[in-house]
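# Fold and contact review
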Amino acid sequence: MKLNFLEALPDAFFEIDHPSRLLELFGGPTLVSLEGAAAEPLMISTLLHGNETTGFFALQRLLRHYRDGLPRSLLIFFGNVEAAAQGVRHLPGQPDFNRIWGGGEGAEARMAREVLTYARGRRVIANIDIHNTTGRNPYYACVNRTSEDFLRLANGFTEIVIYFTEPHEVNSNAFAKFCPSVTLECGLPGIPEGIEHLYRYLEHLLHTVGDKGRAADEGRIYHTVARLKVPYYCRFDFAFDSKSSRDFSFIRHFDHFNFQCVPRGTVLAYTRRDGPQLAVLDNRDRLVTEKYLGFEDGKVIARQDLIPSMFTTDGDVAREDSLGYLMEPYQGE
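Summarised in this report is the structure supplied together with it. (Residues numbered from 1 in each chain as written. Predicted model: local features only at pLDDT ≥ 70, side-chain atom pairs only at ≥ 80, totals over all residues. Heavy atoms only, no water.)

### What to know about the overall build of the chain
What counts is decided by this rule: Only runs of H or I of at least four residues qualify as helices and only runs of E of at least two qualify as strands under DSSP, and these elements are numbered from the N terminus. It is over C-alpha atoms that the radius of gyration is taken, and the globule rule equals 2.2 Å times the number of residues to the power 0.38. Throughout this description, buried means an accessible area under 20% of the type-specific maximum (1.4 Å probe, protein chains only), exposed means over 50%, and partly exposed covers the range between. Contact between two residues is taken to exist if any of their heavy atoms lie within 4.5 Å; hydrogens are not considered.
Helix and strand counts for the chain stand at 9 helices and 17 strands. The C-alpha atoms of the chain give a radius of gyration of 20 Å, which matches the 20 Å a tight globule of 333 residues would have. Based on the C-alpha atoms only, the size of the chain along its principal axes is roughly 65 × 40 × 40 Å. Among the 333 residues that make up the chain, the fraction classed as buried is 55%. Contacts in the chain between residues far apart in sequence, at least 24 positions, make up 74% of those at least 6 positions apart.

### What to know about the nonpolar core
Grouped burial of nonpolar side chains is what soluble globular proteins tend to show. Here is the rule we go by: Buried Ala, Val, Leu, Ile, Met, Phe, Trp, Tyr and Cys residues form a nonpolar core when they are joined through side-chain atoms within 4.5 Å.
Judged by nonpolar contacts, the single largest core of 51 residues is most densely connected at Leu-42, Phe-78, Ile-128 and Tyr-201. Top contributing element to this core by residue count: helix 7 (residues 192-208), with 7 residues. Every residue in contact with Leu-42, bar those within four places of it in the chain, is listed here: Arg-72, Ser-73, Leu-74, Leu-75, Ile-125, Ala-126, Ile-128, Leu-205, Leu-206 and Val-209. One finds Val-225, Ala-302, Leu-306 and Phe-311 within the second-largest nonpolar core, a separate group that totals 25 residues.

### Some remarks on the state of the cysteines
As a reminder of what qualifies: Cysteine sulfurs are considered disulfide-paired once they come within 2.5 Å of each other.
One pass over the full model with this rule turns up 0 disulfides. Free of any disulfide, Cys-179 has its nearest cysteine sulfur in Cys-142, 16 Å distant.

### A word on empty space enclosed by the protein
Applied cut-off: Site definitions follow a grid-based scheme: protein atoms alone, a 1 Å grid, a 1.4 Å probe that fits but cannot get out for cavities, and for pockets an open set with protein on both sides within 12 Å along at least five of seven lines, plus lining residues having an atom within 4 Å of a point. Grid points are joined across faces, edges and corners, and a volume is the space filled by probe spheres set on the points. Each residue gets one label: Ala, Val, Leu, Ile, Met, Phe, Trp, Tyr, Cys and Pro are nonpolar, Asp, Glu, Lys and Arg are charged, and the others, such as Gly, are polar.
Taken as a whole, this structure holds 1 cavity of 30 Å³ or more when the rule is applied. The computed volume of the largest cavity comes to approximately 370 Å³. For the largest cavity, the lining is made up of 27 residues, of which Arg-99, Glu-185, Met-310, Asp-321 and Tyr-325 are closest to its centre. A breakdown of the residues in the lining of the largest cavity according to their chemical character gives 8 nonpolar, 13 polar and 6 charged.

### Describing the pattern of salt bridges
Keep this limit in mind: What makes a salt bridge here is a side-chain nitrogen of Lys or Arg within 4 Å of a carboxyl oxygen of Asp or Glu, nothing more.
As enumerated under the stated definition, the model contains 14 salt bridges in all. With a closest N to O distance of 2.7 Å, Asp-282 and Arg-286 form a salt bridge. By sharing partners, the salt bridges in this structure join Glu-52, Arg-89, Asp-96, Arg-99, Glu-320 and Asp-321 into a single network.

### Some remarks on helix 2 (residues 54-65)
Our working rule: Expected helix span is computed as 1.5 Å times (number of residues minus one).
For helix 2, with 12 residues, the first-to-last C-alpha span of 17 Å sits near the 16 Å given by 1.5 Å per residue. Counting buried positions along helix 2 yields 9 of 12 residues, so the element is predominantly enclosed. For helix 2, every residue scored as buried is listed here: Thr-54, Gly-55, Phe-56, Phe-57, Ala-58, Leu-59, Gln-60, Leu-62 and Leu-63. Against the buried residues of helix 2 lie helix 1 (22-26), strand 2 (30-34), strand 3 (36-46), strand 4 (70-78), strand 5 (126-131) and helix 7.

### So, helix 4 (residues 107-121)
Just so we agree on the cut-off: Each C-beta atom gives one direction from the helix axis, and the arc is the one those directions make.
Spanning 15 residues, helix 4 covers 21 Å between terminal C-alpha atoms, matching the ideal 21 Å at 1.5 Å per step. Along helix 4, the residues that are buried comprise Glu-108, Ala-109, Met-111, Ala-112, Val-115, Leu-116 and Ala-119. Projection of helix 4 onto a plane perpendicular to its axis shows the buried side chains occupying an angular sector of 160 degrees, all on one side. Residues of helix 4 that are exposed and angled more than 90 degrees away from the buried face: Thr-117 and Gly-121. Among the structural elements, strand 2, strand 3, strand 4 and helix 6 (171-175) are those in contact with the buried residues of helix 4. Residue Arg-123 follows helix 4 closely and has a positive phi angle near 55 degrees.

### Digging into the packing of aromatic side chains
We count it as follows: Only Phe, Tyr and Trp rings are paired, with Trp represented by its six-membered ring, and only when their centres lie within 6.5 Å; those with planes under 30 degrees apart are stacked, over 60 edge-to-face, the remainder tilted. To sit over a ring, a charge needs its Lys NZ or Arg CZ within 6 Å of the ring centre and within 35 degrees of the ring normal.
Tallying each qualifying case throughout the model produces 25 aromatic pairs. Summarising the aromatic geometry, the rings of Phe-77 and Trp-101 are spaced 5.9 Å apart at their centres and angled 85 degrees between planes, so their arrangement reads as edge-to-face. In this pair, Phe-77 is assigned in strand 4 and Trp-101 in the loop between helix 3 (81-86) and helix 4, connecting sequence segments 24 residues apart. On the basis of relative accessible area, Trp-101 is assigned to the buried category, the value being 5%. Three or more aromatic residues link up through ring pairs in this structure, and these residues are Phe-236, Phe-238, Phe-248, Phe-250, Phe-254, Phe-257 and Phe-311. Note that Arg-67 overlies the ring of Phe-14, its terminal NZ or CZ placed 3.9 Å from the centroid.

### Some remarks on the pairing of strand 8 (residues 181-185)
Rules: For two strands to be treated as a pair, DSSP must find no fewer than two bridges joining them.
Counted residue by residue, strand 8 has 5 buried out of 5 residues, so it is predominantly covered. The alternating pattern of strand 8 places Ser-181, Thr-183 and Glu-185 and Val-182 and Leu-184 on opposite faces, both of which are buried. Relative to strand 8, strand 5 is paired through 5 bridges, and the arrangement is parallel. What sits directly across from His-131, in strand 8, is Glu-185.

Okay, structure coming up:
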């Protein structure tokens, strides 16, 4: 897979009305280097998932605003523009573009390594990876380190920070090896409020990145401790139907649990008696289902108070990636 490189954006970039048109403009994944008054570049990645559009819209607006001169140099990676053309997370047969940053010899992994090598050589001052969620979530940020320079990147975007170590193949973790890095989760794709919120954050960051300021409130830092996986052979829905013929029938508004305390004893789904069980895996991929979930009388029940994040009602995402994550308040190392 060939990585395109540009040192200026074509005029047509500022006129297109949707990221689905980036494929005809760029032809494939593209790294754009734009010079600004401050030489050390800020690195921004967007469209690693082709249907997560908020990053494109906010960046297009930002770059229009600073078309006559940026206050800081930018490196912008426009990721899976082929998937964006079809409005999907990734194309059939493609890897997830946010799982290609941990090494490997596939074409996409080699492309990611090329981006990382160039960014390291340019001594990027920080890395921002922009995403949307597939379920109902507040704005939040994810970090792979809890030092102040990482937590400071969350300031102005959110007061909710998640510290995570798995999956380790993600963009933010690769950049974290040589610069402060953060993943921004901007709510559902393309919502005007989310675009505005991200735009204001990026506009502020262009002027302040590298400054020493207040780090995130430690009382709002969570640590991802487990993820929920549906066995690949299972059929499931979100109808919350006790008579469903599916293996699991999850509560209708499953994603409304995100960042809430789900009390012990809450019924999360109906399931077939003597049927398959959900898998709950910790950060070392060990099966820890019994610690968190019980399966009684055709029901999936919380065995302790749970704090979910990224719970989704998108069946494709649930099957391919995960049903969601479980968190705990972060207590430090």
